[in-house]
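Take a look at the letters that make up each chain.
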Amino acid sequence: QVQLVESGGGLVQAGGSLRLSCAASGRILRYYAVGWFRQAPGKEREFVAAIHFSGNRCNYADSVKGRFTIFRDNAKNMVYLQLNSLKFEDTVVYYCATGRSGAIATLENEYDYWGQGTQVTVSS
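### Some remarks on the nonpolar core
Within the largest apolar cluster, 33 residues are counted, with the highest numbers of intra-cluster contacts made by W36, L81 and Y94. Going through the elements one at a time, β3 (18-25), β4 (34-39), β5 (46-51), β7 (68-73), β8 (78-83), β9 (92-99) and β11 (118-123) are the ones with two or more residues in this core. Top contributing element to this core by residue count: β5, with five residues.

### Quick notes on the pairing of β9
β9 sits mainly inside the fold: eight of its eight residues count as buried. In the sheet, β4 pairs with β9 via six bridges, with the strands oriented antiparallel. Of the residues in β9, the one forming a bridge with Q39 is V93. As defined by bridge partners, β9 adjoins β11 across three bridges and the pair is classed as antiparallel. If you follow V93 over to β11, its bridge partner there is Q119. Judged from the three bridges that link them, β9 and strand β10 (residues 111-114) form a sheet pairing that is antiparallel. The partner of G99 across the bridge, within β10, is Y111.

### Digging into the sheet that holds β7
Spatially, four strands are ordered β1-β3-β8-β7 in an open sheet, and the strand pairing comes out antiparallel. In the strand order of this sheet, the two ends are held by β1 (3-7) and β7, each with one partner. Across the sheet, the mean angle from the axis of one strand to that of its neighbour is 15 degrees, orientation sign disregarded. Bridge count between β7 and β8: six bridges; the pairing is antiparallel. By the bridge assignment, T69 is partnered in β8 with Q82.

Conventions and cut-offs
- Residues numbered from 1 in each chain as written.
- Predicted model: local features only at pLDDT ≥ 70, side-chain atom pairs only at ≥ 80, totals over all residues.
- Heavy atoms only, no water.
- Core = buried A, V, L, I, M, F, W, Y, C linked by side-chain atoms within 4.5 Å.
- Buried < 20%, exposed > 50% of the residue type's maximum accessible area, 1.4 Å probe, protein only.
- Helix = DSSP H or I, 4+ residues; strand = E, 2+ residues; numbered from the N terminus.
- Pairing = 2+ DSSP bridges.
- Axes fitted to C-alpha atoms, helices over the stretch in contact; angles between N-to-C directions.

Right, here's the structure in full:
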């Protein structure tokens, strides 16, 4: 059974940083793309970032480009999302997900396993 567990969320002041982690069990992440999405209460889940299975290519939502960095450690079966220059509007729940293939994907239906999410709260 595939399980993804996010961690690293918390409360941070605007302008601060956090590093989110996504740990996988039951699936070898290095064969799959991994994405991060986020969802605010009452809103649809939105794409944040994704990384190719090789780790050599990434894709970011415009709203986080230049502030967030996705990277992976395939030896540890982990994927991370570094959040810098956090803004109040980054206050949402962040989810990691594994793609159905190794190719970068930005749509939810291109991902098949999801974590439970980790809350990030940015105080202004």
